[in-house]
Amino acid sequence: MSAHVRTDGQPVNLEATFRFQAIGTNWEIDTEQPIPEQVRHRIRSVTEDFNHVWSRFRADSLVTRIACAEGGGRFEFPARDLALFELYDRLVAATDGAVDPLVGRDLELLGYDARYSLVPDTAALVYRRRDRWLSDIHRDGTTIASDRPTVIDVGAAGKGYLVDLVSHTLTEEGIDRFFVDASGDMRHRGAEAVRVGLEHPRAPGRVIGTVNLRDGSLCASATTRRTWGAGLHHVLDGRTRRPVADVVATWVLAADAATADGLATALFVSEPASLRSFEFSWVRILADERVQWSDNFDGDLFI
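The following paragraphs examine the structure supplied in this document. Bear in mind that the values here come from a model prediction, so they are computed numbers and not experimental data. (Residues numbered from 1 in each chain as written. Predicted model: local features only at pLDDT ≥ 70, side-chain atom pairs only at ≥ 80, totals over all residues. Heavy atoms only, no water.)

## With respect to the environment of Ile-285
Step number 1: Looking at where Ile-285 falls in the secondary structure, it is placed in strand S17 (residues 281-286).
Step number 2: Given a relative accessible area of 6%, Ile-285 falls into the buried group.
Step number 3: Other than its neighbours up to four places away in sequence, Ile-285 contacts Pro-201, Ile-208, Val-247, Val-248, Ala-249, Trp-251, Arg-290 and Val-291. (Helix = DSSP H or I, 4+ residues; strand = E, 2+ residues; numbered from the N terminus. Buried < 20%, exposed > 50% of the residue type's maximum accessible area, 1.4 Å probe, protein only. Contact = heavy atoms within 4.5 Å.)

## Some remarks on the sheet that holds strand S11 (residues 217-222)
Step number 1: The strand order across the open sheet formed by eight strands is S2-S3-S7-S8-S11-S16-S17-S18, and the pairing between neighbours is antiparallel. Of all strands in the sheet, those with a lone pairing partner are strand S2 (16-22) and strand S18 (291-293), marking the two edges. Averaged over all neighbouring strand pairs, the angle between strand axes comes to 10°, with direction disregarded.
Step number 2: Relative to S18, S17 is paired through three bridges, and the arrangement is antiparallel. Across the sheet, Arg-284 pairs through a bridge with Gln-292, a residue of S18.
Step number 3: Contacting strand S3 (25-31), strand S7 (178-182), strand S8 (185-189) and S11, helix H7 (residues 158-172) runs over the sheet at an angle of about 25° to S8.
Step number 4: Docked against the sheet, helix H8 (residues 257-269) engages S8, S11, strand S16 (247-254) and S17, running at close to 150° with respect to S16. (Pairing = 2+ DSSP bridges. Axes fitted to C-alpha atoms, helices over the stretch in contact; angles between N-to-C directions.)

## Side note on the pattern of salt bridges
Opposite charge on two side chains permits them to pair, given that their charged atoms come into close proximity.
Step number 1: This model, assessed by the stated rule, comprises 23 salt bridges.
Step number 2: With a shortest N-O distance of 2.9 Å, Glu-48 and Arg-58 are connected by a salt bridge. In this pair, Glu-48 is assigned in helix H1 (residues 37-54) and Arg-58 in the loop between H1 and helix H2 (62-67), connecting sequence segments ten residues apart.
Step number 3: By relative accessible area, which is 40% here, Glu-48 ends up partly exposed.
Step number 4: Residue Arg-241 pairs with Asp-106 through a salt bridge whose shortest N-O separation is 2.9 Å. Of this pair, Arg-241 sits in the loop between strand S14 (236-237) and strand S15 (242-243) while Asp-106 sits in helix H4 (residues 104-109), placing them 135 residues apart in sequence. (Salt bridge = Lys/Arg side-chain N within 4 Å of Asp/Glu carboxyl O.)

## Structural notes on unusual backbone geometry
Step number 1: For Arg-241, which is not a glycine, the phi torsion comes out positive at approximately 65°.
Step number 2: What makes Arg-241 buried here is its relative accessible area of 0%.
Step number 3: A positive phi angle, close to 75°, is found at Glu-289, a residue other than glycine.
Step number 4: Mapped onto the secondary structure, Glu-289 falls in the loop between S17 and S18.

## Concerning the nonpolar core
The nonpolar side chains of a soluble globular protein tend to be buried with one another.
Step number 1: One finds Trp-27, Ile-29, Trp-54, Phe-77, Ile-152 and Phe-280 to be the most contacted residues of the largest nonpolar core, which totals 65 residues.
Step number 2: With nine residues, H8 is the single largest residue contributor to this core. (Core = buried A, V, L, I, M, F, W, Y, C linked by side-chain atoms within 4.5 Å.)

## Considerations on the packing of aromatic side chains
Step number 1: Under the defined criterion, the tally for this structure stands at eleven aromatic pairs.
Step number 2: Measuring from ring centre to ring centre gives 5.2 Å for Tyr-112 and Trp-228, while their planes differ by 25°; the resulting arrangement is stacked. Of this pair, Tyr-112 sits in the loop between H4 and helix H5 (122-127) while Trp-228 sits in strand S12 (residues 227-229), placing them 116 residues apart in sequence. By the burial criterion, Tyr-112 is buried, and Trp-228 matches it.
Step number 3: Over the ring of Tyr-112 we find Arg-56, and its NZ or CZ is 5.2 Å from the ring centre.
Step number 4: The side chain of Arg-90 reaches across the aromatic face of Phe-278, ending 3.9 Å from its centre. (Phe/Tyr/Trp six-rings, centres within 6.5 Å; stacked < 30°, edge-to-face > 60°. Lys NZ or Arg CZ within 6 Å of the ring centre and 35° of its normal.)

Structure follows, in structure tokens:
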């Protein structure tokens, strides 16, 4: 694991790496022994199935069907995704709607659409009716109903949730020591902690500190990663439907990657105190370059 070292400075004894692409990003899974081909196939199937359900960039996905359904309708999601729905319900409530999975249409109008047009439709942004998760979607378990086309975007927590699905697949296959890294969304399982660097959002290759990760997850987010114009990036405030400006980067440690990923987004739009119903630790960088962190943060910051 060249990017991760043990807290005593010695290399972690996870020498086999499985690299692949899924949901538009690079993945690495480090294990003690090479992952058998049938397990690799199962992992690819898990990621493909998730993408087929949740990707708003695919013409054949379930969320694209919902986005194109004139008059709305009723739609059934896989039973396994109940946990993702319930997490979003908690995030929407804790942030008073600042995290909202119905910002998808706003991202499209800002230019972050399936064609990657990267050209905002400013007129439509001004005059369009805003979709709200709590009022425009009716959910019963994994069945949702809508009255009109809506664009669901699970970018706030979806990648972390998929990291959890892949991790569960590994444990089901009897692999009990691993490190999953989906381009910044990580989950570790094993007896020995690993030290992970927190990369500076404006200086790739430099770190602002390190964190000790053991049997848990670390997720990071930054407004400098997916940008396509002045003030245009992928992190929106669900209340204003505009890109956030006050925070530039966040890191969250939690037991599972879905929670860590969702809270990493929530820290852009909410104060940490409003998220106290969750168990986590965190670091964030504000736009004025001040660094904030929680009292329970297990790591070192170079500030």
